[in-house]
Amino acid sequence: MPLSRSLSMTSLSGVLPSWEDDELPVEDLLLFEVAWEVTNKVGGIYTVIQTKAKITADEWGENYYMIGPYFEQNFQTQVEACEPPNPTIRKAMNTLIENGCQVHFGHWLIEGSPYVILFDIASAAWNLERWKGDLWQTCNIGLPYHDREANDSLILGSLIAWFFKEVSWSVNKPNVICHFHEWQAGPGLILSRSRKIPMATVFTTHATLLGRYLCAGNTDFYNNLGRFNIDKEAGERQIYHRYCLERAAVHCAHVFTTVSEITAVEASHMLHRRPDVVTPNGLNVKKFSAMHEFQNLHSTSKARIQEFVRGHFYGHLDFNLEKTLFFFIAGRYEFSNKGADIFLESLSRLNYMLRVRNDVTVVVFFIMPAETNNFNVESLKGQAVRKQLWDTAHTVKEKFGKKLYDALLKGTIPDMNSILDRDDFTIMKRAIYATQRHSLPPVTTHNMLKDSTDPILSNIRRIGLFNARSDRVKIIFHPEFLSSTSPLLPMDYEDFVRGCHLGVFPSYYEPWGYTPGECTVMGIPSVTTNLSGFGCFMEEHVSDPAAYGIYVMDRRFRSADDSCNQLTQFMFSFCQQSRRQRIIQRNRTERLSDLLDWRYLGRFYIHARHLALSRAFPEKFKMDPIAPLKVKGFCYPRPYSVPPSPSASVHSTPHHSDAEDDDDESYDEDEEAEKDRLNIKSPFMLGAMPEVKKKQPGESGN
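Let us look at the structure shown here.

Analysis parameters
Residues numbered from 1 in each chain as written. Predicted model: local features only at pLDDT ≥ 70, side-chain atom pairs only at ≥ 80, totals over all residues. Heavy atoms only, no water. Helix = DSSP H or I, 4+ residues; strand = E, 2+ residues; numbered from the N terminus. Buried < 20%, exposed > 50% of the residue type's maximum accessible area, 1.4 Å probe, protein only. Contact = heavy atoms within 4.5 Å. Areas by Shrake-Rupley, 256 points an atom, 1.4 Å probe, with all protein chains shown as cover. Pairing = 2+ DSSP bridges. 1 Å grid on protein atoms, 1.4 Å probe; cavity = no way out; pocket = protein on both sides within 12 Å on 5 of 7 lines; lining within 4 Å. Points joined across faces, edges and corners; volume = space filled by probe spheres on them. Nonpolar A, V, L, I, M, F, W, Y, C, P; charged D, E, K, R; others polar. Axes fitted to C-alpha atoms, helices over the stretch in contact; angles between N-to-C directions. Phe/Tyr/Trp six-rings, centres within 6.5 Å; stacked < 30°, edge-to-face > 60°. Parallel < 35°, antiparallel > 145°, perpendicular 65-115°, else oblique. Left-handed = near helix turned anticlockwise from the far one by under 90°. Lys, Arg positive; Asp, Glu negative; His and termini not counted. Salt bridge = Lys/Arg side-chain N within 4 Å of Asp/Glu carboxyl O. Expected span 1.5 Å × (residues − 1). Core = buried A, V, L, I, M, F, W, Y, C linked by side-chain atoms within 4.5 Å. Right-handed = clockwise from strand over helix to strand, strands pointing away.

## Remarks on the overall build of the protein
Helices and strands together make up the secondary structure of the protein, namely 23 helices and 19 strands. In the protein, which comprises 702 residues, the proportion classed as buried is 58%. Pairs at least 24 residues apart make up 76% of the contacts formed inside the protein by residues separated by at least 6 positions. Of the roughly 30,200 Å² of accessible surface on the protein, 51% is carried by carbon and sulfur atoms.

## Overview of the pairing of strand β13 (residues 361–367)
Taken across its seven residues, β13 has seven buried, putting it largely inside the fold. Side-chain alternation along β13 places T361, V363, F365 and I367 on one buried face and V362, V364 and F366 on a second face that is also buried. Pairing geometry for strand β12 (residues 324–330) and β13, over seven bridges, is parallel. Pairing of F327 across the sheet is with V364, part of β13. With six bridges connecting them, β13 and strand β16 (residues 473–478) associate as parallel partners. Within β16, the position partnered with F365 by the bridge is I476.

## Regarding helix α19 (residues 533–541)
Of all nine residues that make up α19, eight are buried, and the element is covered over most of its length. If you check which residues of α19 are buried, you get G533, F534, G535, C536, F537, M538, E540 and H541.

## So, the layout of surface pockets
The volume enclosed by the largest pocket comes to roughly 1,400 Å³. Every residue lining the largest pocket is counted, 48 residues in all, and those nearest its centre are V42, G43, G44, I45 and R332. For the lining of the largest pocket, the secondary-structure elements that each account for two or more residues are α1 (44–60), α7 (209–216), α11 (285–288), α17 (493–499) and α18 (514–521). Looking at which element gives the most residues to the lining of the largest pocket, the answer is α1, with seven residues. Here the residues of the lining of the largest pocket sort into 23 nonpolar, 12 polar and 13 charged.

## Focus: the sheet that holds β13
Taken in spatial order, the six strands line up as β16-β13-β12-β17-β18-β19 in an open sheet, and their pairing is parallel. The open sheet has two free edges, formed respectively by β16 and β19 (550–553), since each of these has just one partner strand. Pairwise comparison of adjacent strand axes, ignoring direction, gives a mean angle of 25° for this sheet. Bridge count between β12 and strand β17 (residues 502–504): two bridges; the pairing is parallel. Within β17, the residue paired with F328 across the bridge is G503.

## Points about the packing of aromatic side chains
Overall, the coordinates contain 32 aromatic pairs when judged by the stated rule. A centroid spacing of 5.0 Å and a plane angle of 80° characterise the contact between F221 and Y222, whose relative ring orientation is edge-to-face. The buried category is assigned to F221, whose relative accessible area is 0%. You can call Y222 buried: its relative accessible area is 6%.

## What about the packing of helix α12 (residues 294–312) against helix α21 (residues 579–590)?
Where α12 meets α21, the closest approach of the two axes is 11 Å, and the angle between their N-to-C directions is 120°. In this view, α12 runs oblique relative to α21, as classed from their interaxial angle. The handedness of the crossing between α12 and α21 comes out as right-handed. In contact with F294, Q295 and H298 of α12, α21 contributes I583, R586, N587 and E590. Grouping the amino acids of the contact of α12 with α21 by side-chain chemistry returns two nonpolar, three polar and two charged.

## Notes on the side chain of K474
Looking at the element boundaries, K474 is found in strand β16. Of the buried charged residues, K474 lacks a salt bridge, with D318 as the closest side chain of opposite charge at 4.9 Å. Aside from chain neighbours lying at most four places away, what touches K474 is F313, F319, T361, V362, V363, V364, N467, A468 and R469.

## Structural notes on the sheet that holds strand β3 (residues 29–34)
Pairing within the open sheet is mixed, and its nine strands lie in the order β5-β6-β7-β4-β3-β8-β9-β10-β11. Each edge of the open sheet is held by one strand with a lone partner, namely β5 (79–81) and β11 (277–278). As paired strands, β3 and strand β8 (residues 175–181) are joined by six bridges and run parallel to one another. The residue bridging L29 from the neighbouring strand is N175, located in β8. This element, helix α3 (residues 87–98), spans β3, β4 (64–69), β6 (103–108) and β7 (115–119) of the sheet and lies at about 140° to β6.

## Quick word on helix α14 (residues 377–409)
Between its first and last C-alpha atoms α14 spans 48 Å; for 33 residues at 1.5 Å apiece the expected length is 48 Å, and the two agree. All of the buried residues in α14 are S379, G382, Q383, V385, T392, V396 and A407. Those residues of α14 that are buried lie in contact with α12 and α15 (422–434). Where α14 ends, the next residue or the one after it, G411, has phi of about 80°, a positive value.

## Some points on the nonpolar core
Residues V309, F327, L347, F365, F366 and F496 are the most contacted members of the largest nonpolar core, which totals 87 residues. Grouped together as the second largest cluster of nonpolar side chains are 73 residues, L135, F180, W183 and I190 included.

## Comments concerning the environment of G503
Along the chain, the position of G503 falls in strand β17. The sequence separation of G503 and C519 amounts to 16 residues, and the corresponding C-alpha distance is 6.9 Å. Leaving out residues up to four positions away in the same chain, G503 has contacts with F328, C519, I524, P525, S526 and V527.

## Quick look at the environment of Y605
Residue position: Y605 is located in helix α22 (residues 598–616). With 348 residues separating them along the chain, Y605 and T257 place their C-alpha atoms 9.0 Å apart. When sequence neighbours within four positions are dropped, the list of residues in contact with Y605 reads V48, K52, H179, H181, T279, P280, N281 and W598.

## Structural notes on the pairing of β3
Among the six residues that make up β3, six are buried, leaving the element largely enclosed by the rest of the structure. A two-sided burial pattern is seen for β3, the buried positions comprising L29, L31 and E33 on one face and L30, F32 and V34 on the other. Judged from the four bridges that link them, β3 and β4 form a sheet pairing that is parallel. Of the residues in β4, the one forming a bridge with E33 is M66. Remark: the β3/α1/β4 crossover connection has right-handed handedness.

## Quick word on the side chain of K302
By the element assignment, K302 lies in helix α12. An unpaired buried charge is present at K302: no salt bridge exists, and E322, the closest side chain of opposite charge, is 5.0 Å distant. Beyond its immediate chain neighbours, meaning those up to four positions away, K302 contacts F326, G499 and H501.

These results come straight from atomic positions and should not be treated as a statement about function.
And the structure:
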């Protein structure tokens, strides 16, 4: 829905601050969002801006633009080129084009179809040395010639600042809000502010640059936040110039936001500015909603995974697939940051417990991209053998069915010994012999380029989980993102997640954590930690997260060994659940999806933008004083209409039943709704407000 000439605040009263006038004049208000990941999938920020695009485009209409770098392949496959409808935008673009810089415009072909403005970095690379000099003269930040990513970010930032200067010089002189994501977008913000371009700016860090590097080095990060020599640590890792860009952008922005409370604490120490607003990451829940069919979708996707498992474990398929659970971990291949080290150690302990006390088998998938040269032969052979067996069984079934049908037409009961001839038995015996294998099923589906030093494979060798017959925990390392066109496991990531039983994400460094969030909105239970933004968010808003399929590990106040034991116990308790209990738990997990919907969480972004307007243009946009409701000093507001959840509420997971299909488990919808009311706290209600940070003594006015 496009913006009207004036946006009434009535519909957002209580959620947004009230302005001195009854209406906010927005006839010339333009919103820009800058990120390196616009049309360019690199990491989780791509998911943030892609999923949020629809609600933002619905709110702002043709006044919303996304800005990023131009990559020819991405533009050809993801963008529908068109002419800018806004004359101010068109004139600014033409000015850059006339000066030898290539600028591309179009609709990004995602939900909401937002406009994108993409700058061709290569076309402006001849200006790099001059722009490096400008950056040095402006803020004394020098960029080394060998850091291509930093140099490219400077070129992009210089083009963006140039573009905004042309926009500000236009006849209309629109009020501009620009939201920058991550340090790669930082130079654009720094240069725009240094040139005093009239615009309101918001900067969001999704993870501090130095924090990610420190955690990757197995540092006790969170217990030593106040003890790090920041400049020294950044210099030793040869990222001092990047750190300076990030910190300068943070302090230049009118409003600084981050995605979670745990990252807000980190940013306060690493970047020396406390975030003004915490803006949790959401999802377009409608995309994942399957109404009341998500249980059926789980069953369908699970059957497809079972087919892959039949092929992968051919010759060793001596476990019952109906009593087999599928666990998975997915994400960037950051072995320690993503918790793969803790996960593997816990799987070793779980394997022992299942061999001693349970008949359940667990197949664990590691979906983490690594360097490979192709699928390995054994994995491909397994799927070929499975298909051959299926074809053989289908051929024999057809012959059997025809003979049975003919006999019944004649009114006789056929002799079961004569209904299959010798050739049929020969075909079946040959098929059985073909399934024999003299090696163990492979633990990886691809040929690894660094097999001997790969962290996951090295730890698998250490713990001895080689998919032996006696192992109740089987491991499959798939070092490539999933695709429906794969000849091995032809499934999209979404379908794969739906078919699994549990996602395990024991991350040590996870500013937000989209993977457990995606599990939640699809009704799949998951394990997360109290060092991830998602885990902290769920602990804050759900009184008993485990009852709703969100198992939150303590990795902040426990030793690594205690964390391993806790994760092992989570997984073992999950394995003890009956099928009926898992169905009930999936229903509860799916009901948490509204907590993660952009329709609600997007309002934190609305507040950040309006706060930036009030600081950039105080004579035009003034905010009335508000009384914020603080949660641990940051910006998670509490609902005023819901009573506090009891700290020790009744655990609503049904007791374990020995029967796999125990239909006696009660599931009363009214009772479940009452438990939801007591256990789940909304991110905010009308009347509650995110906190506006008071200016600290000595802090510069942005």
